[in-house]
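Fold and geometry: a report
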Amino acid sequence: AQGVPNPFNPTTLIRFDTTRPSNVRLTIHDIAGRTVATLVDGALPAGRHQRTWNGYDDSGRSLPSSVYFSRIESAEGVMTRKLALIR
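Residues numbered from 1 in each chain as written. Predicted model: local features only at pLDDT ≥ 70, side-chain atom pairs only at ≥ 80, totals over all residues. Heavy atoms only, no water.

Before going further, it helps to spend a moment on the confidence of the model for the protein chain. Predicted confidence across the protein chain gives a mean pLDDT of 96, with 99% of residues reaching 70 or more. Mean pLDDT per element in the protein chain: strand β1 (residues 3-4) is the minimum at 92, and strand β4 (residues 35-44) is the maximum at 98. (pLDDT = per-residue confidence, 0-100. Helix = DSSP H or I, 4+ residues; strand = E, 2+ residues; numbered from the N terminus.)

Spelled out as structure tokens, the structure:
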């Protein structure tokens, strides 16, 4: 579930696998832990998935250079990875 490339500008691709159908929530958090973007929030089939994050928040505002965290929650558990956005 690591973003590629990382550090990134302007986008990073987050890949992840699910071994069975489940509800998945993929969110991006700032250094203070606030959710800034939601990339997935719903049911996904088993298999390989990917989402692109463009460094924008859910309101369409460009976020500054900083460290962010991708967080994936599913029936299989929770995984968090660090992302570095360089503007």
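So, on to the pattern of salt bridges. Pairs can form between side chains of opposite charge once their charged atoms are near each other. Applying the stated criterion across every chain yields a total of five salt bridges. Here Arg-34 makes a salt bridge to Asp-30, at a shortest N to O gap of 2.9 Å. Glu-73 is the partner of Arg-71 in a salt bridge, and the nearest nitrogen-oxygen pair spans 3.4 Å. Residue class for Glu-73 comes out partly exposed when judged on its relative accessible area of 28%. (Salt bridge = Lys/Arg side-chain N within 4 Å of Asp/Glu carboxyl O. Buried < 20%, exposed > 50% of the residue type's maximum accessible area, 1.4 Å probe, protein only.)

Looking at where Thr-11 falls in the secondary structure, it is placed in the loop between β1 and β2 (12-18). Distance from Thr-11 to Thr-52, taken between C-alpha atoms, is 6.6 Å for residues 41 residues apart in sequence. In contact with Thr-11, not counting residues within four places along its chain, are Pro-5, Thr-52, Trp-53 and Asn-54. (Contact = heavy atoms within 4.5 Å.)

Right, let's get into the sheet that holds strand β6 (residues 66-74). Sheet architecture is open: four strands sit in the order β4-β3-β6-β7, paired in antiparallel fashion. Taken across any chain shown, the strands that pair with only one partner, and hence form the sheet edges, are β4 and β7 (77-85). Recorded for the sheet is a direction-independent mean angle of 15° between the axes of neighbouring strands. Bridge count between β6 and β7: nine bridges; the pairing is antiparallel. When the bridges of β7 are listed, Arg-71 appears paired with Thr-80. (Pairing = 2+ DSSP bridges. Axes fitted to C-alpha atoms, helices over the stretch in contact; angles between N-to-C directions.)

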